[in-house]
Amino acid sequence: MSQTTPSSTMSPDVPPVLSVVPSRALVDEAFRVSVQNLPPGCAVTLHSLHRSEEEDLWEAFGHYVSDQNGSVSLADDFSFGGTYVGKEAMGLLWSMRPVPGSREGLRLRKMNVCTPQLVHISVYDGHAQEGFTERPPLASVLSERWFVAPGVRRVEVREKGVRGTLFIPPGPGPFPGVLDMWGGGGGLVEYRSALLASHGYVSLALQYLTSGELALADVESKFFEVCVHLNFRVKRRYGSFCLERGSARCLKSQRSSSAQTAFNIIRFHPLVRPDRIGIFGLCLGAIATNHLAAESSVIKPRCCVCVSGVHICPRGPPLAGTTQLLLLTAHKVRVDENNHEIWRNRILPITGDLAEKIDVGKINCPMLLVNGRDDQNLSTVEAAEDEGFVDEGAFVW
């Protein structure tokens, strides 16, 4: 069977037409990218380029051959090379990587969710591998990818030791609620909560750590334990939300965490259904989620989602326990050929000592665990298997 070599001869009279539909959408909304008016059997490269808020360039590209009608559709046609291969309608987004020559250690993230992620999508003649910014494209389209849907409200929370941002969907409600906790990198990360609110959840992005605070010995006393138990009433005032003390007593024998206070901010919000509040935790946030769901007398989530987290943590406050575990297992860290630290061996083998684990058998709500089999930070798959062994009926897989 003979093979036809793709042509790259363009007609000067009929320029190619590139379309991206919709051109403005949420980041998790699929789009359709297509090219028309190409010669049949024409080799082209579809390319995406994004300049991050940190001024770093990210790109993705795929190699295509037009059909007999002179068309290419990312949803229907195969990419034969580039940063992805196969039939991948969203390949120009999920396979983005730093352009060659970029500084090391980059992470693509959105810091200001009130502005869109701008992605330039272009089509080039031939199957190119690099140098896209140095050659003229056949056609280009600017696509806006948003984390915030129209009508979503963003409210800063700085009350009673709680730092975070509350995102509220448009409409009368009531809505389900989410307490959103990120990992040990610290800081306030808003884009997941913004996207959850865009899909109908009142979500509070909780800043329970600032950058670098996990290394401090007294991190627990600063952010997860306070001496005052408060009953809050949330009310709207001048476009923001304030917390009024209904009653307060100093309880020496009882401590409530800032996470518990944050949970109450969601629970007592007039637009939230108090019986439908979940917790979403990533990495260290997932460890804290496990702990709160198992041990808190105040927080009673409807469900929990734990991404890349474990239950290996000495009984007691989770941040202090995690800090202790990191100190005791520092000798297990290794470095790969790219000088990247590999932490996953720190909790291997999984201990059989129940005192060194969160008692997941006390969790009374559905749990969804999301783990990557190639996770080099934590042994999440092994820990998930151990959690199922501890109490197989406590989890929904």
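The model shown is predicted, which means the values in this text are computed figures rather than measured ones.

### Focus: the nonpolar core
Formed by 48 residues in total, the largest nonpolar core has its most connected members in L179, M181 and L206. Take this core: its biggest share by element is 7 residues, from helix α5 (residues 284–295). Setting aside residues up to four positions removed in sequence, L179 forms contacts with L204, L206, A259, A262, F263, I266, G278, I279 and F280. In this structure, V44, Y64, V72 and V141 belong to the second largest nonpolar core, which totals 24 residues.

### A look at the sheet that holds strand β20 (residues 367–370)
Spatially, the 7 strands line up as an open sheet ordered β10-β11-β13-β12-β16-β17-β20, and their pairing is mixed. The open sheet has two edge strands, β10 (153–159) and β20, and neither has a second partner. Across the sheet, the mean angle separating the axes of adjacent strands is 20° when strand polarity is ignored. By the bridge criterion, 6 bridges tie strand β12 (residues 175–181) to strand β16 (residues 272–282) in an arrangement that is parallel. Bridge assignment links V178 to a residue of β16, and that residue is G278. The sheet strands contacting α5 are β12, β16, β17 (304–307) and β20, and the helix crosses β16 at an angle near 135°.

### So, the pairing of β20
Residues of β20 alternate between two faces, with M367 and L369 buried on one and L368 and V370 left unburied on the opposite face. For β17 and β20, the ladder comprises 4 bridges, and the chain directions are parallel. Counted as the bridge partner of V307 is V370 from β20.

### Overview of the packing of aromatic side chains
One pass over the full model with this rule turns up 5 aromatic pairs. With centroids separated by 6.3 Å and ring planes inclined at 55°, the aromatic side chains of Y84 and W94 adopt a geometry described as tilted. Residue Y84 is found in the loop between β6 (72–73) and α1 (91–94), and its partner W94 is found in helix α1; the two are separated by 10 residues along the sequence. Look at W182 and Y191: their rings are 5.1 Å apart centre to centre, the planes differ by 65°, and that puts the pair in the edge-to-face class.

### Points about the side chain of S95
Mapping S95 onto the fold places it in the loop between α1 and β7 (97–98). Overall, S95 belongs to the buried group, its relative accessible area being 7%. Here the side chain of S95 touches G91 through a polar contact of 2.6 Å, landing on its backbone oxygen. When sequence neighbours within four positions are dropped, the list of residues in contact with S95 reads E59, A60, T83 and Y84.

### Examining the pairing of strand β5 (residues 57–65)
Burial of β5 is extensive: 7 of the 9 residues sit out of reach of the surface. Inspection of the sheet shows strand β4 (residues 43–51) paired to β5 by 9 bridges, in the antiparallel sense. Among the inter-strand pairings, H47 is bridged to a residue of β5, identified as F61. Joining the antiparallel neighbours β4 and β5 is a turn of 5 residues, in which E55 adopts a positive phi near 70°. Note that β5 and β7 share 2 bridges and pair antiparallel. The partner of E59 across the bridge, within β7, is R97.

Definitions and cut-offs
- Residues numbered from 1 in each chain as written.
- Predicted model: local features only at pLDDT ≥ 70, side-chain atom pairs only at ≥ 80, totals over all residues.
- Heavy atoms only, no water.
- Core = buried A, V, L, I, M, F, W, Y, C linked by side-chain atoms within 4.5 Å.
- Buried < 20%, exposed > 50% of the residue type's maximum accessible area, 1.4 Å probe, protein only.
- Helix = DSSP H or I, 4+ residues; strand = E, 2+ residues; numbered from the N terminus.
- Contact = heavy atoms within 4.5 Å.
- Pairing = 2+ DSSP bridges.
- Axes fitted to C-alpha atoms, helices over the stretch in contact; angles between N-to-C directions.
- Phe/Tyr/Trp six-rings, centres within 6.5 Å; stacked < 30°, edge-to-face > 60°.
- Polar contact = N/O pair within 3.5 Å; in protein donor to acceptor, adjacent residues only side chain to side chain.

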